[in-house]
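Below are the chains, spelled out letter by letter.
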Amino acid sequence: MDKDKRKGDEPIPPNLNTLLNDAQRAGLRQLESFGWQLQFVRHPLFQVPVVVVVNPEGREFGVLEDDGRINMEAHIAFREKT
């Protein structure tokens, strides 16, 4: 039984600009200048998208908040890779 809830969806949708607001896009550009990368966008049903970024070493994750700031204290649940 397949437990992947994405059902084939890509981790970073091609229409990213429609999911991020202006402040998030500006914040992402600033973070990218320090080597951070967009990891995935979680889009819970009837909720705002959760934009997750990862540091250059791939060890720290943060949530890009609506105001464009990174939240390193956010609690993010990850599925294990199989």
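These remarks concern the structure in this document. (Residues numbered from 1 in each chain as written. Predicted model: local features only at pLDDT ≥ 70, side-chain atom pairs only at ≥ 80, totals over all residues. Heavy atoms only, no water.)

All right, on to the side chain of Asn55 then. Tracing the backbone shows Asn55 in the loop between strand S2 (50-54) and strand S3 (61-64). Given the relative accessible area of 7%, Asn55 is considered buried. Side-chain polar atoms of Asn55 contact the backbone nitrogen of Gly58, separated by 2.8 Å. Sequence-distant contacts of Asn55, that is, excluding residues within four places in its chain, are made with Gly35, Trp36 and Glu60. (Helix = DSSP H or I, 4+ residues; strand = E, 2+ residues; numbered from the N terminus. Buried < 20%, exposed > 50% of the residue type's maximum accessible area, 1.4 Å probe, protein only. Polar contact = N/O pair within 3.5 Å; in protein donor to acceptor, adjacent residues only side chain to side chain. Contact = heavy atoms within 4.5 Å.)

The next subject is the pattern of salt bridges. According to the stated counting rule, one finds two salt bridges in the structure shown. Across the salt bridge formed by Arg69 and Asp67, the nearest N and O atoms sit 2.7 Å from each other. (Salt bridge = Lys/Arg side-chain N within 4 Å of Asp/Glu carboxyl O.)

All right, on to the side chain of Gln24 then. The topology assignment puts Gln24 in helix H2 (residues 22-32). According to the relative accessible area criterion, Gln24 is buried, its value standing at 3%. Those residues in contact with Gln24 that lie beyond four places of it in its chain are Leu19, Val51, Leu64, Glu65, Asp66 and Gly68.

The strand order across the open sheet formed by four strands is S1-S2-S3-S4, and the pairing between neighbours is antiparallel. In this open sheet, the two edge strands, each paired with only one partner strand, are strand S1 (37-42) and strand S4 (70-71). With two bridges joining them, S3 and S4 adopt antiparallel strand pairing. When the sheet's bridge partners are listed, Val63 is paired in S4 with Asn71. Against the sheet, H2 engages S1, S2, S3 and S4, with an angle of about 150 degrees to S3. (Pairing = 2+ DSSP bridges. Axes fitted to C-alpha atoms, helices over the stretch in contact; angles between N-to-C directions.)

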